[in-house]
Every structure is written in structure tokens, then in C-alpha cells.
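Examining the three-dimensional arrangement
Okay, here's what each chain looks like letter by letter:
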Amino acid sequence: MDHQEALTAYIAAFISELVSTGVTDVVVSPGSRSTPMAMVMAEHPELNVHIHVDERSAAFFALGIAKASNKPVAMLCTSGTAAANYFPAIIEARYSRVPLIVLTADRPHELREVGAPQAIDQIHLYGHHVKWFAEMALPEKNDEIIRYARTVCARAAAIAAASPAGPVHLNFPFREPLIPKLDDSLFQISERPNGYVKVQNGEFTINDEQINMIAETLKGKERGIIVCGNIADQQFAKAVTELSEVLHYPILADPLSQLRSGTHSTAQIIESYDTFLRNEEAKGFLKPDVVIRFGAMPVSKALTIFLKENHQADQFVVDGGGGWRDPAALSTNMIFCNETLFCEKLLARVGSGTPGDYLEDWKQVNALTKENMTLLRDITDLSEGRLFYQIAEMLPEGATLFVGNSMPIRDLDSFFLNNRKSIKIMANRGANGIDGTVSTALGAALYSKSLYLVLGDLTFFHDLNGLIAAKLYDIDIHIILVNNNGGGIFSFLPQSEHPKNFELLFGTPLTIEFEHAVRMFNGEFVKIKNWRHLELEMKKSKGQSGIHVYEVATKRDENLQEHRGFWASVSQEISSFVKGKQ
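A short tour of the structure in this document, coming up. (Residues numbered from 1 in each chain as written. Predicted model: local features only at pLDDT ≥ 70, side-chain atom pairs only at ≥ 80, totals over all residues. Heavy atoms only, no water.)

1. Quick notes on the nonpolar core
Core analysis: the biggest nonpolar cluster contains 60 residues, and Ile-225, Leu-252, Phe-276, Leu-277, Trp-362 and Leu-401 have the highest contact counts within it. Discounting residues that sit within four places of it in the chain, Leu-401 has contacts with Ile-391, Leu-395, Leu-412, Ile-423, Lys-424, Ile-425, Met-426, Tyr-452 and Val-454. Listed in part, the 50 residues of the second largest apolar core include Ala-59, Val-73, Ala-89 and Ala-469. (Core = buried A, V, L, I, M, F, W, Y, C linked by side-chain atoms within 4.5 Å. Buried < 20%, exposed > 50% of the residue type's maximum accessible area, 1.4 Å probe, protein only. Contact = heavy atoms within 4.5 Å.)

Written as C-alpha cells, this is what we have:
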């Protein structure tokens, strides 16, 4: 048997199994050593092959597809630094629990550490940032190696998808010549053509005795809150709101919890906590005895501090991925159980009592805060606070809103209020970086309806080349570019109190005319003049294809003063309210 036959049979078996596991999308970056795998992938009729030249953007593009589709996505690159450029997205996937199957081509063993070109050490290249790594065997065609290739593939896909989901890495050494034999028999697998091994992933659960103990602990405790971070389960909203109504506990809903927008009940969902939990009197007034927390840690620093300050409370952390999301070591009970299942089981064990004053106190403080937010509409200049306060009104029903890190996600947390429009919120909050945001959003757009991306100028600059995917694959995306010419978040941090080198080290103004870059990718660009202009432009481009960028220019100093003024105004109102209640 010749080398070409062995190479082809081995790779065809692997790709056949990849499809059998349910993978439909692969992102390929061109390269020489990955040639055989890429050519066979392109031949499979059930694979969507997306070509992306830049490996860093390619990996984030795959990440976005996986986030939106909730399925593992494969990505392929050649050897050397190409594989290293995958690293930022792999880190994000690991910490945001997104399933990726990372396939790297490599030099064969005899060409490693001998000065061969484009050869680096790719063994365990991503360290503990992947859930599993395997150095693949060299291609052979005998039955044992074919079964091996298919089994490893099935195992990798299952591990990537198993809770907590995450990336896996398979490293493939290939010898030259690299061209496979492409003919009609390519995917005619003689042994078990429908897949070699099926892996059944289960869910974390909790037994009746344990749930009864938790229900007993909660009995009679009226001063309880439910905190919900990033959760992707579509069934969770109904389950947690029903539990909240029985326990009479308010839900503090992070925007990534998907609880602030939808057709589920929002009667007990508190969304303006990031503002009023900055007030010391409000924090004392709303002091809880019980905290039940679901999902990732919330975005809000004010909420995180509030949880830390109430370390005396019983704090239940429910994690369906069996992780340890407790950076402040506050949990009194760490529960490894699917979040929706936990709510349903606990709901069946607790009786519905009479709502106490505590729930109403939260709702009244929340309502008072939202009443003050109407003042944001009086801001005539383009403003970051008003943008996020009104953004739900601007978006169509069922839209997906992808939000950049730093200030945008924080302003969304502060000002995005409950609504019925079923807007899905997405962000890269695993490692909280700004890299790859454009590419991730474009990947998500493949499986999303009406995707809108809101990000700052530094984040946009960091991944401008990611726009090539929109041009190549006719991806429709609307980008609201908040341009405050620098790192706006640093104005809110202690560094701002040291002005001598602040602009040099942290403000970092770029003074870029982004229009030229957007036009280069065949995109439409408009500089927004005022709020009416933004409204008209977004309405005009609704349903239109391609890239649409709306630049909203703001000023960092004015933004800081606007936020501080709003917080101070609300704080006075809250203090007066609390004093009147005591």
C-alpha cells in the first residue's frame, strides 16, 4: 500500500467520524502541512468549510459559530506559529465554556528539533487551556489505525461538548507528499459507516435527599436573592422565574443571563442593581440572608462587592458544569447540578408562602432607579449611557446583540432594561479580552437573526481584519462603533487620578478614520450626527445585507462626568427612600 492511499484513508475516516458526531462547520486557514486534511474536508458534502486567512481571527470566528449554534466547531491550521495564533480564542473558549475541536497539522517526528522550517513544539501547545490533547498517530490504512482515527475523533467531539464545554486539541503529523487521492470512493467507509462509537454525555444532577436539605434550609428565610450570570440554556428563564415566584426572591439578572429580554415573566427581575448597589444605605437596607447564584460571575462590580460584603449569608452556587465559580470564596454550598434541573427540583419541594416586605423593597428601589434613568433621554449630545438605555428600542424583535468588553458591556449592564423583544445578548466574557470581538460576532451572525455588534474604538481596531469574513461570506452585520478615541474604561479606574502619563499609558488615543477600513471591506459607514440621525440610519439599513457601521463619537471626560452625575442623582433619591422606610 502506498503513502497516498494510507494518508487518504486515514483522513477520510477521521472526517467521516467528525460529521457523524454532528459537526457541520469547520474553519480552515490555508497552509501547506494541513493540505491533506483541508482538501478532504472540502470534498465532504455535509461540511460547511469557511476559509479565513488570519489564524487569530479564524479561531474567534469559529468561537462565534460555536457560541451561536451550541455545537462543536472544528478549526484547522498548518504547523508553526499558525497554531500559536489560535491561543487567545482557545483561552476564551476554555473560560466561556464553548466547544471547539482544534486540529493542527505538524511536521513528522523526524523533522522536529532538527532545524526544519516552520516546525515548533506543538505537543501540549495550549497547556491546561484545552480539556484534552492527543498527538495523533501517523497515517496508516490498516483496520486498527482506521478504527483508532475514528474513535479519537468521536472522543474529542464528546469531550468538547461535555459539560463544562470547551476546546480540545488534536495534533496531526503528516509526511510528504501531502496530496490525498480524491475520487468517488473517498468516503466509502467499509467498517461501521455510520460511526464507530457513540458517546453519551450526561448531566450533573442532585438527589432527593440533597434537594430536601436545601429546601429545609430555605424554609422561613424571606430575605433571599437569586443572582443569575451568563447562562445559555433556553429553558432556564422559565424555570428560574417560576422558582423566584414561589420563594418570593428577587432575581438580579446579568444581561448575559438572557433574563432581561423575552416573553417570560419579568415581574421579579431586578435589572438596575449596578446603579443602586453603589449606595451604602441601599446595601444595608437590602442585606440578604440567602443568596442563590447561577451561571458565571456577573459583570457588575457593584454586585460583586455586595456579595462579598454579605459573606455571612448562606450562599448557594449552582453550576451545571461542575466548575468552581467562586473567586471570593463566598459559597457555603457548591452544587454541581444542571441549573434548570435544580430549579425544577427545588420548585417541587418548596411551598409558596406570603410575599414579605423584602421582595417589595427590592422592586421599589429598582423602580425608583429606573424612573431616574428617564433623565438620560434629556441628554442631547451623543452619549454612551443614553445609547445603552435606548438600544432595546432600536433593535428589531428577536435580534442578537453582541457587546464588546471594557465600557460597552458595563454600560449594557447598567442601562439595558427589561423588555419583551427576545433580544439575545452575547459577549466574550470568559477571559474578558477585547481581542477577536469582531470575528466572534461575525461567526455568531451565521446562526443568528439580525446581529448587532456594539463595541469601542480600541476593540474595533484590535480586530479590523476580522471584517474579511463578512466580505467573503456575505455576512450581514450592523456595528455601532462607540468612538471615544481611546480606552474609556480607564477614566473610571484609579489610574485616572495620576494624570501625568495617563494619556500615554492608558488613554491611548488612536485618532483613526475608520471609514477607510470599512470601505475596504465593501462596508457602509456613516458618522452619526445626533440621536435622530442614528434612529433613521438604523431603520434605513434594517434588512439590508452586508456590513453597516454607525460611528457614535463621544468624549471620555464627558462620559465620566455623565455617569458620576447620574449615580449621584440616583443615590440621593435612594437614600431618601431608604430613610423614609426606616
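2. Examining the sheet that holds strand β6 (residues 167-173)
Taken together, the six strands give an open sheet; going across it, the order is β2-β1-β3-β4-β6-β5, and neighbouring strands pair in parallel fashion. Among the strands making up the open sheet, the edge pair consists of β2 (48-51) and β5 (132-135). Neighbour-to-neighbour, the strand axes of the sheet open up by a mean angle of 20°, direction not taken into account. Examined bridge by bridge, β5 and β6 share four bridges and lie parallel to one another. Looking at β6, one finds that Trp-132 is bridged to Val-168. Sitting on the sheet, helix α3 (residues 55-69) touches β1 (25-28), β2, β3 (73-77) and β4 (100-106), and the angle it makes with β3 is about 170°. (Pairing = 2+ DSSP bridges. Helix = DSSP H or I, 4+ residues; strand = E, 2+ residues; numbered from the N terminus. Axes fitted to C-alpha atoms, helices over the stretch in contact; angles between N-to-C directions.)

3. Some thoughts on the packing of helix α14 (residues 384-394) against helix α22 (residues 556-581)
Packed helices, taken two at a time, are described by their axes: the angle between them and the distance between them. Viewed as axis vectors pointing N to C, α14 and α22 meet at an angle of 65°, and their least axial separation amounts to 9 Å. For the pair formed by α14 and α22, the contact residues are Glu-384, Gly-385 and Arg-386 on the first element and Asn-559, Glu-562 and His-563 on the second. Its residues assigned to classes, the contact of α14 with α22 comprises no nonpolar, three polar and three charged. (Nonpolar A, V, L, I, M, F, W, Y, C, P; charged D, E, K, R; others polar.)

4. A few points about the pattern of salt bridges
One pass over the full model with this rule turns up 27 salt bridges. Among the salt bridges present, the one from Glu-242 reaches Lys-238, with a minimum N-O distance of 2.8 Å. In this pair, Glu-242 and Lys-238 are both assigned in helix α8 (residues 236-247), four residues apart and thus about one turn of the helix distant. Accessibility expressed as a relative area gives 31% for Glu-242, which makes it partly exposed. Here Lys-238 falls in the exposed class, since its relative accessible area comes to 52%. (Salt bridge = Lys/Arg side-chain N within 4 Å of Asp/Glu carboxyl O.)

5. So, the side chain of Asn-419
Within the fold, Asn-419 resides in the loop between α15 (407-415) and β14 (424-426). For Asn-419, a relative accessible area of 12% corresponds to the buried category. Among the polar contacts made by the side chain of Asn-419, one reaches the main-chain carbonyl oxygen of Leu-417 at a distance of 3.0 Å. Polar side-chain contacts of Asn-419 include one of 3.1 Å to the backbone nitrogen of Lys-421. With sequence-adjacent residues up to four places away left out, Asn-419 is seen in contact with Arg-260, Ser-261, Gly-262 and Ala-392. (Polar contact = N/O pair within 3.5 Å; in protein donor to acceptor, adjacent residues only side chain to side chain.)

6. As for the packing of helix α1 (residues 3-20) against helix α2 (residues 35-43)
Packing of α1 against α2 brings their axes to within 10 Å, and their N-to-C directions diverge by 55°. In terms of orientation, α1 and α2 fall into the oblique class. Crossing angle aside, the handedness with which α1 passes α2 is right-handed. Taking contact as the criterion, the partners of Leu-7, Ile-11, Ala-12, Phe-14 and Ile-15 in α1 are, on α2, Pro-36, Met-37, Val-40 and Met-41. Each residue belonging to the contact of α1 with α2 can be placed in one class, and the counts come to nine nonpolar, no polar and no charged. (Parallel < 35°, antiparallel > 145°, perpendicular 65-115°, else oblique. Left-handed = near helix turned anticlockwise from the far one by under 90°.)

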